[in-house]
Amino acid sequence: MEEKNLNTEGSAKIKYGNAIVDVKEFKTQDDPGDRKWTWEEDGYTVFRGNARTGPGCHDNCGVLMYVKDGVLEKIEGDPENPYNQGRLCPRCLAVKEMLYHPDRLKYPMKRVGKRGENKWERLTWDQAYDFIEESLKEIFAKYGPESIYVMQGTGRDINGYGGRIAQSMGSPNYGMGFLSGNACYVPRVFSTALKLGVLVVGDYSQFFPDRYDHPDYEIPEYILIWGNNPVVSNSDGFLGHWIVECMKRGSKLITIDPKLTWLAARSEYFLQVRPGTDAALALAFANVICEEGLYDKEFVEKWTYGFEEYAEHCKEYTPEKAAEICGVDASLIRDTARAFAKAKSATLQWGVAMDHTSEGFITGMACMDLVALTGNLEKPGSMVAARPCFGVAQTWSGRWGGDKPILSEEQAVKRMNSDYPTLQAMNCISQDMLLKAMLTGEPYPIKATWMQTNNPITCMGADPKRILEALLKMEFNVVVDMFMTPTALAAADVVLPAAGFAERIGLTGHQPYYLGAIVKAVEPVGECKSDQQIIYEMGKRFRPDRNEWNNDKEFYNTILEHAGITYDDIKERTWAYPEFEYYKHEKGLLRSDGEPGFETASGKYEFKCEFLEMFDMDSLAIYTEPPESPVSTPELAKEYPLVLTTGARRWALFHSEHRQSPSMRRINPEPMITIHPETAAKYGIGDGDWVDVENNFGKCKLKAELSTRIRKDTVSADHAWWFPERDPEDGTLFGVFESNINCLVPMRPGKSGIGASYKSLLCKISKHEGSDK
Amino acid sequence: MAHGLLIDYQYCSGCHTCEVACQQEHGYDAKTLGIEIKTLGPTELDNRKWQYDFIPTPTALCDHCQDRVEKGKVPSCVKHCQAGCMSFGEVSDLAKKIDREKMVLFSLK
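Worth saying up front: this structure is predicted, and the values here are computed from it rather than measured.

**Comments concerning the overall build of chain A**
Helix and strand counts for chain A come out as 25 helices and 31 strands. For 773 residues, the compact-globule estimate of 2.2 N^0.38 gives 28 Å, and the C-alpha radius of gyration of chain A, at 25 Å, lies within 12% of that figure. For the C-alpha atoms alone, the extent of chain A along its principal axes is close to 70 × 65 × 60 Å. Taking all 773 residues of chain A together, the buried fraction comes to 62%. Put simply, 72% of the contacts in chain A that link residues at least 6 apart link residues at least 24 apart.

Spelled out as structure tokens, the structure:
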């Protein structure tokens, strides 16, 4: 998202998307006292910093890095850091296995054999930059700079920085690499922007350095966990075990998931829905809450718009109707709606499953309506506005470090999204259109890619064989990564080695809760550089005027310019919590004009969102059956009788990463598909058997995990598998297409251009005959 | 002096942190475990309730992180436990903390 208004003089009022950050002076809640960022202990030098990746992760845990003779010997959670309070997950505890893995990319390399042959020549950084510059400028001269598609993935601290390289090159085509329909958080970010003008997150005390003990804080009475398993996934800067801390203090849970998670087993209400039907359930909850008058009348009257029409609209979605659609009992829907509505406070812990359905954009809106209906906004233990702190979110704008946007208006309007007005409104690319353009040259040619922190043929990219075909048509591909991934092996012309968090400096992500530092504890292996250094050094070759930084410290000092501190200040301070208050909508803190209310057309939370009519969409949330389902495509369901849901996280793996780490592979050794034992028996499949999974889009092979945790009509498949232990020259690209569930997922967004089908497809299963693998 | 490990398994999410923290602390390889997660269920009980529990169980290799404990620290599994559901101490002291179901006390070397 690009900013609408940025005043860089003096005290800054920064506007990005449609949220506002005011940074007047460096005011914090926490007193750093005598906190140290480094010390000596038992023969080690200890560095206190933040594990803001790589390898990938969505969190910002405080860590203590123990270094001896320039080597990271061990890593521990920082018990004083309020964010993680000493806890640390297995991936981070074993990060040495990734950092010091013999397969780490150590030097820039240029392909010398054919693509996929794994023949490389080592280059110096200058040689690599020269070669990339020369190759790309030649392409840009023929096709224009918009002919490069710059991609990022998730994890690594790339958010907010990745766009810079595209802007420097002059391309408007920057975004998540081949994630169909921008289907990760973008739909929810946009729907909250429309509904209430700001992204909101559940309040688990993370805005306070003294956490649960803060006098203003109250735990949520109910936590509504919808379409995610947060203790495993820790998505989007949310540390899942905060929920466990709230449970200890009395929070009760409602879980909506096709699979019994551990949290579901500890929930007062568990609704085991058919994948993709969530919006129908949300509307039925609203039906009960409206019919029984259980909504927050004061909040609805004062702070919302379109309630009457919304209540009328929900009448159609009776619990009985939703029960039939979703496959859960009507009485359970009623009981759950009542409990949620009557709670003193509640959070909506929503997950990527919302975005991973075709009309996920609307699903998110239907769920957020429940939050407004019950008045669970801006009070302790409810949903609160979450804006990146201390102005660092200026990196999302196209102009940081200067007065004007880097990208010219002439280039900006070429952003590939013309088929989708919604994406145009969001300044977002359409990955689906870009893939087509790579293959066909229409509406204009895409001839090069820059892939940084992503590995699209392995992870995230729907229809990965088509993506590979498109990448192989490119004249030039650059991959920046920590390892030789299947994508790099298959398609890169140059690979650039990225540093891990212990090897470089940086800031925590664009979190609303606190700002911390990534601290360099050891020298990088080989000649690895931080992603940011690669971004501005490469950027210099195209726009020297806007990439003037000589080192990472200068770079971060620019990002912190509105905070009134430098990188060294935050490193030495170790962390900083901005001031925080509740009820911001009552105090005029959520609107750019300083008036009470929300930053929307009506100034209120919008049950009825007329803006959507501009996109030919209904102004009220509706339920749409997934494009493939037993209901929408009964004929197809005869051949493919099971519902397929994909991409649930496993403990030891972050998307396609950590397959190289021995202790992580002990925990999650192989790609699994979870099948109910009764369903498996019908197909003669036993626990641990290899299973062929096939549908109308493709097939792959996964290992059966029989469990009563999953619905009998649904199977749940792991994603992002490859086998780095294989010989890179065996012709299989590390086995990337063998167990790749995305072979069964179409590159196809919902009507709006956002949303995709990763979570709700059809498939059939059979025991794999032949060798074990 | 009998060292003990008290597990409040109402809150153990089965995240494997204790296993990996132990491996890293002791320099064990990926197959060697000083503590291991055991699973109960999932079993559907009546009235829409489930038994689905994880119980971290110290193995014969557990030395209660003697080196750490001597320096006044707690064992690495206890320190890093994401659910904060493990306590280390004297068996007799820990026994007094058991005040409801789903708590289990292991005595250690």
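Structure shown, so let's carry the discussion forward.
**Examining the overall build of chain B**
Check the secondary structure of chain B and you find 4 helices and 5 strands. In chain B, the succession of helices and strands from N to C terminus is β-α-β-β-α-α-β-α-β. For chain B, whose C-alpha radius of gyration is 14 Å, the value lies close to the compact-globule estimate of 13 Å for 109 residues. Along the longest, intermediate and shortest principal axes, the C-alpha atoms of chain B span 50 × 35 × 20 Å. Put simply, chain B has 109 residues, and 37% of those count as buried. Looking at chain B alone, contacts between residues at least 24 apart form 60% of all its contacts between residues at least 6 apart.

**Thoughts on the environment of Ser 619 of chain A**
Residue and element names in this part refer to chain A. Among the structural elements, Ser 619 can be located in the loop between β25 (605–606) and α23 (634–639). Classification of Ser 619 by C-beta neighbours within 10 Å gives partly exposed; the count is 18. For the pair Ser 619 and Glu 40, spaced 579 residues apart in sequence, the C-alpha separation works out to 61 Å. Contact partners of Ser 619, with chain neighbours within four places excluded, come to Lys 608, Cys 609, Glu 610, Leu 612 and Glu 613.

**Examining the packing of helix α12 (residues 319–326) of chain A against helix α13 (residues 330–342) of chain A**
Residues and elements named next belong to chain A. Running from N to C, α12 and α13 cross one another at 115°; their axes reach a closest spacing of 8 Å. The two elements α12 and α13 cross, and the hand of that crossing is right-handed. Of the residues in α13, those touching α12 at Pro 319, Glu 320, Ala 322 and Ala 323 are Ala 330, Ile 333 and Arg 334. In terms of residue class, the contact of α12 with α13 is made up of 5 nonpolar, no polar and 2 charged.

**A short note on the sheet that holds strand β8 (residues 109–111) of chain A**
All names here are of chain A. One open sheet accounts for 7 strands, arranged β9-β8-β21-β20-β19-β10-β11; its pairing is mixed. The sheet terminates laterally at β9 (120–122) and β11 (174–176), the two strands that pair on one side only. If you compare each strand with its neighbour and ignore which way they point, the axes differ by 20° on average. Pairing of β8 with β9, which is carried by 3 bridges, proceeds in the antiparallel orientation. Of the residues in β9, the one forming a bridge with Arg 111 is Trp 120.

**Observations concerning helix α21 (residues 552–559) of chain A**
Think of an α-helix as 3.6 residues a turn; residues three or four steps apart then line up on the same face. Every buried residue belonging to α21 of chain A is among Phe 555, Tyr 556 and Ile 559 of chain A, and all of these are buried. Taken around the axis of α21 of chain A, the buried residues stretch over an arc of 90°, which confines them to a single face.

**Looking at the nonpolar core**
All names here are of chain A. Among the nonpolar cores identified, the biggest contains 280 residues, and Ala 280, Leu 281, Leu 283, Phe 285 and Cys 763 are the most heavily contacted of them. For this core, the element with the highest residue contribution is helix α9 (residues 278–291), accounting for 11 residues. Both of domain 1 (200–386 + 594–615) and domain 2 (634–767) provide at least three residues apiece to this core.

**With respect to the interface of chain B and chain A**
Taken together, the contacts link 23 residues of chain B with 28 residues of chain A. Only α1 (17–26), β2 (35–44), β3 (50–58) and α3 (76–80) of chain B provide two or more residues apiece to the side of chain B that touches chain A. Here the side of chain B that touches chain A gets 5 residues from one element, more than from any other, and that element is α1 of chain B. Broken down by class, the residue content of the side of chain B that touches chain A amounts to 10 nonpolar, 9 polar and 4 charged.

**Description of the sheet that holds strand β17 (residues 346–350) of chain A**
Residue and element names in this part refer to chain A. Here we have 4 strands laid out as an open sheet, ordered β15-β14-β13-β17, and parallel in their pairing. A single partner strand is all that each edge strand has here, and the edge strands are β15 (269–271) and β17. Taking each pair of neighbouring strands and ignoring which way they run, the sheet shows an average axis angle of 15°. The strands touched by helix α14 (residues 360–373) within the sheet are β13 (222–226) and β17, with β17 carrying the most contacts at an inclination of about 170°.

**Focus on the domain arrangement of chain A**
Residues and elements named next belong to chain A. On domain assignment, one finds that chain A holds domain 1 (200–386 + 594–615) and domain 2 (634–767). Each partner contributes residues to the interface: domain 1 has 19 residues there, and domain 2 has 22 residues. Among the secondary structure elements, those contributing two or more residues to the side of domain 1 that touches domain 2 are α6 (230–233) and α14. Here the residues of the side of domain 1 that touches domain 2 are counted per class, giving 7 nonpolar, 8 polar and 4 charged.

**Quick notes on the environment of Glu 308 of chain A**
Residue and element names in this part refer to chain A. Tracing the backbone shows Glu 308 in helix α11 (residues 307–314). Assessed through the 10 C-beta atoms surrounding it within 10 Å, Glu 308 is described here as exposed. For the pair Glu 308 and Pro 669, spaced 361 residues apart in sequence, the C-alpha separation works out to 53 Å.

**Remarks on the confidence of the model for chain A**
Overall, the predicted model of chain A reaches an average pLDDT of 94, with 97% of residues at or above 70. Across residues 1–20 of chain A, where pLDDT falls below 50, the model places 45 contacts with residues more than four positions away in sequence or in other chains.

**Considering the packing of helix α17 (residues 431–440) of chain A against helix α18 (residues 464–473) of chain A**
Residues and elements named next belong to chain A. Between α17 and α18, whose axes approach to 8 Å, the crossing angle comes to 50°. One finds that α17 runs oblique with respect to α18. The two elements α17 and α18 meet at a crossing, and its hand is left-handed. Of the residues in α18, those in contact with Leu 435, Met 438 and Leu 439 of α17 are Arg 466, Ile 467, Glu 469, Ala 470 and Lys 473.

**A look at the pairing of β17 of chain A**
Residues and elements named next belong to chain A. The buried fraction of β17 is high, at 5 of 5 residues. Alternating residues of β17 divide into Ala 346, Leu 348 and Trp 350 and Thr 347 and Gln 349, and every residue in both groups is buried. Across 5 bridges, the pairing between β13 and β17 is parallel. Counterpart to Ile 225 in the pairing with β17 is Gln 349.

**A closer look at the environment of Arg 726 of chain A**
Residue and element names in this part refer to chain A. As for its position among the elements, Arg 726 is in the loop between β30 (714–717) and β31 (761–767). By C-beta crowding, Arg 726 is classed as partly exposed, having 16 other C-beta atoms within 10 Å. For Arg 726 and Met 65, which are 661 residues apart along the polypeptide, the C-alpha to C-alpha distance reads 32 Å. Once you skip the residues sitting within four places of it in the chain, Arg 726 turns out to touch Thr 732, Phe 734 and Gly 735.

**Regarding the pairing of strand β4 (residues 38–41) of chain A**
Residue and element names in this part refer to chain A. Both β4 and strand β5 (residues 44–50) contribute to a ladder of 4 bridges, which runs antiparallel. Paired with Glu 40 across the strands is Thr 45, a residue of β5. Where β4 folds back on β5, the antiparallel hairpin that results is connected by 2 residues, among which Asp 42 adopts a positive phi of roughly 50°.

Definitions and limits used
Residues numbered from 1 in each chain as written. Chains lettered and ligands numbered in written order. Predicted model: local features only at pLDDT ≥ 70, side-chain atom pairs only at ≥ 80, totals over all residues. Helix = DSSP H or I, 4+ residues; strand = E, 2+ residues; numbered from the N terminus. Rg over C-alpha atoms; globule rule 2.2 N^0.38 Å. Buried ≥ 20, exposed ≤ 12 C-beta atoms within 10 Å, placed from the backbone. Contact = placed C-beta atoms within 7 Å. Axes fitted to C-alpha atoms, helices over the stretch in contact; angles between N-to-C directions. Left-handed = near helix turned anticlockwise from the far one by under 90°. Nonpolar A, V, L, I, M, F, W, Y, C, P; charged D, E, K, R; others polar. Pairing = 2+ DSSP bridges. Arc of directions from axis to C-beta. Core = buried A, V, L, I, M, F, W, Y, C linked by C-beta atoms within 7 Å. Domains from an automatic or database assignment. pLDDT = per-residue confidence, 0-100. Parallel < 35°, antiparallel > 145°, perpendicular 65-115°, else oblique.

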